[in-house]
Each structure stands twice: as structure tokens, then as C-alpha cells.
Amino acid sequence: MRTNVERSFGVLDTLDPTDVRPEIEHRMAEPAPRPIPAGPSPWRRVAAVAVAVTVFAAAAGFAWEVFERVRREEPATTPDPWSWAPEGWTELSLPPEVRDNAALVWTGEELVYWGGWPRGSDIEQAKADGFAFDPATSTWRPLPAAPIAGGGPNASRDERGGAKAVWTGSEVVFWDVETADGATAATLALDPSTGEWRQLDDSPHRPTCCAAWAWTERELIVFGGGNRDAPTTVEGAALDPVTGAWRRIADAPIGVNLANAVWTGEEVIVVGSELNSRNIAETGTAIALAYRPDTDTWRRVPDPPLSP
């Protein structure tokens, strides 16, 4: 930068006073420019000030009126669908059909109750439909049947326990939905407002039992489960419901086959244990892990002082 400045001013050093003399004489020979017109008269200035004050006062009055109107209005609130219920416990009406191992999820407006097996029936009677409970009216409505029932003839009530569900903000996503032949764990999505179903990709993570799951506001994370020392105890997968595709996630440093998970806004925290067939763990307490979806990495969290 300094070099450019020196170069620019260096041009002045090459000029000779005689180079600019003709231009100066030419400019001096031209007629004088027109004088700058005088400013407005005093009364015009007073009138302009008066108009400005009037406009300002009108604007201020309008703004104050709007402010007072907004201040008097009650702030907008979201209707409480449970406002009719008194404090404490309230017994609600049962769904049209009570089922074992049905998937349950709250959408912010309704309780969705789908799949499962009618109580006391054989497992071959797994259902593909369900119901939705509206607390504002304390009524149930039927949901249309899905392309796949919420269980299969090869499933075990004691082991798989039926499909699981999360609310994404626009759809209910069900996974671990065993197909009729028991060969795959299907993934379905339901829009409760329209009753439309979508079938998504099958989950690559399919433990025999008890995986942990959490919704991250973008993906469904499913992790762990299965028999002790099985590969599934350290494995997991993530579902993007927009694309309907799953991806494998990194293996955890330690496995769990009975756990719960929660989303903190940055990590999925998993707390559980790895138990054998007699519910005995190799660790003295439960196990805690944290998974970051943005980096696909795990870290150990200090073990909680809980029995495994």
C-alpha cells in the first residue's frame, strides 16, 4: 500500500509549473459562476417547522394509540386441550379396543394409540389400525390401517414388545414393526391430520429386544439391545424421516441391552445396562453414554449410582 501511495504522489514530482499555467489562465478568463441563491425567507422557515411539528405530533399520537390498544389486549395463548380436567387424576375413556403392546405417542393435540394385539388374543391377530384420543373432547377416533400390522406371527410378546413411536412435529414414525413373515423390521410414518401412511426404509439395526431410542428434532436415533455380548449392544442407526433413509452410526465404547435415551439438544444420553438371561450385569452399576449426531461420536458419561 505504501508503494502505491508513493507512486501516485511521485507523478506530481514530474510536473512543471508551466504545464498547468494555460489551464489556469483559461479558467480565469471564464465568466464568474452564478451566485448561490439565498435561503428561504423567515416566514417559510416558520411554516416548514410548523408542518414538521404537526406531522410528528400526529405520528406520535397514532403510535401511542396503537401501543395502548396492544397493551389492553390479552396476549395470545395456545388453547389447553386439558383445561376441562380438574386437578389431580381424571379417569379417561378407554379406546374402542384395548390392546397389549400398542405403540403410544403424544402429538401435542392427540394421543396416538396404534398396533398391538387385542387383549387376550393370539399374537397372529396383530392389528394394522389404531385410534387417536382428543383430550379437548374426551373422545377417540379411528385411524386408517397401515400397510403393515404392528406385529407378526414370529414375534414374541415377551421379547420384541411391539412397535415403538416418536412424534416428529408433522408425522408419527413407527419402527420395529415386524412384517408378517418376521423377516424385517419395517418403518412407517403416519400423518394424523390426513390419515396418510408412508413406508420408509427398513431399519438396519434390529436387535431381538430392548433398544433405546430418542428423537433429536431431526433424526430418530436407535441404539443397543439384544443378547449380552451380541454386536447389536454397541450398534445403532439413525433415521431421517424426510428422506426415509437410515444410516449406521458409530459403535459405542460399551454395550447396553436394556436402556433408555433422551435428547439434550446436543447429545443423546443413554442410561442402561448389559444384562444376561438372569438379569445379571458385569458392571456394578448402570452404564451411561453420550452420542453426538453432528460428529457421529460417543463418549462415556460417569456411571450413575444405580443398580444395573
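Everything that follows concerns the structure shown earlier in this document.
Residues numbered from 1 in each chain as written. Predicted model: local features only at pLDDT ≥ 70, side-chain atom pairs only at ≥ 80, totals over all residues. Heavy atoms only, no water.

K.L.:
Break down the overall build of the chain for me, citing the residues and quoting the values.
P.N.:
Within the chain, the regular secondary structure consists of three helices and 18 strands. For the chain, the residues scored as buried account for 36% of the 308 residues in total. Sequence-distant contacts in the chain: of pairs separated by 6 or more residues, those separated by 24 or more amount to 44%. For the chain, the accessible area works out to roughly 19,300 Å², and carbon and sulfur atoms hold 57% of it. (Helix = DSSP H or I, 4+ residues; strand = E, 2+ residues; numbered from the N terminus. Buried < 20%, exposed > 50% of the residue type's maximum accessible area, 1.4 Å probe, protein only. Contact = heavy atoms within 4.5 Å. Areas by Shrake-Rupley, 256 points an atom, 1.4 Å probe, with all protein chains shown as cover.)

K.L.:
Tell me what's going on with the sheet that holds strand β7 (residues 164–167), and back it up with residues and numbers.
P.N.:
Pairing is antiparallel across the open sheet formed by four strands, whose spatial order is β7-β8-β9-β10. Each edge of the open sheet is held by one strand with a lone partner, namely β7 and β10 (196–200). Between one strand axis and the next, the sheet turns through 20 degrees on average, direction left out of account. As judged from the four bridges shared by β7 and strand β8 (residues 172–178), these two strands associate in the antiparallel manner. The partner of W167 across the bridge, within β8, is V172. (Pairing = 2+ DSSP bridges. Axes fitted to C-alpha atoms, helices over the stretch in contact; angles between N-to-C directions.)

K.L.:
Could you give an account of the packing of aromatic side chains, naming the residues involved and the relevant values?
P.N.:
The description of an aromatic ring pair rests on the distance of the ring centres and on the angle between the ring planes. Overall, the coordinates contain eleven aromatic pairs when judged by the stated rule. Ring plane angle 40 degrees and centroid distance 6.0 Å describe the contact between W82 and W106, whose orientation is recorded as tilted. With W82 in the loop between α3 (42–72) and β1 (99–100) and W106 in strand β2 (residues 103–106), the pair connects residues that are 24 residues apart, well separated along the chain. Take W82: its relative accessible area is 32%, and that puts it in the partly exposed class. (Phe/Tyr/Trp six-rings, centres within 6.5 Å; stacked < 30°, edge-to-face > 60°.)

K.L.:
So, the pattern of salt bridges: which residues are in play, and what are the values?
P.N.:
Applying the stated rule across the entire model yields 13 salt bridges. Of the charged contacts in the structure, one is a salt bridge between D100 and R119, with a shortest N-O distance of 3.1 Å. Of this pair, D100 sits in strand β1 while R119 sits in the loop between β4 (117–118) and β5 (130–134); the two residues are 19 residues apart in sequence, bridging distant segments of the chain. The exposure class of D100 is partly exposed, given its relative accessible area of 22%. Residue classification places R119 among the exposed positions, given a relative accessible area of 57%. Here R248 and E235 are joined by a salt bridge, their closest N and O atoms 3.5 Å apart. Residue R248 is found in strand β14 (residues 245–248), and its partner E235 is found in the loop between β12 (220–223) and β13 (236–240); the two are separated by 13 residues along the sequence. Where salt bridges share partners, they join E97, R99 and D129 into one cluster. (Salt bridge = Lys/Arg side-chain N within 4 Å of Asp/Glu carboxyl O.)

K.L.:
Summarise the pairing of β13; cite the residues concerned and give the values.
P.N.:
In terms of burial, β13 is a largely internal element, four of the five residues being buried. In terms of strand pairing, β12 meets β13 through four bridges, oriented antiparallel. Each bridged residue has a counterpart across the sheet, and for F223 the counterpart in β13 is G236. In this sheet, β14 lies alongside β13 in antiparallel orientation, the contact comprising four bridges. Within the sheet, the bridge partner assigned to L239 lies in β14 and is W246. Connecting β13 to the antiparallel partner β14 that follows it, the hairpin turn spans four residues, and G244 within it adopts a positive phi of roughly 80 degrees.

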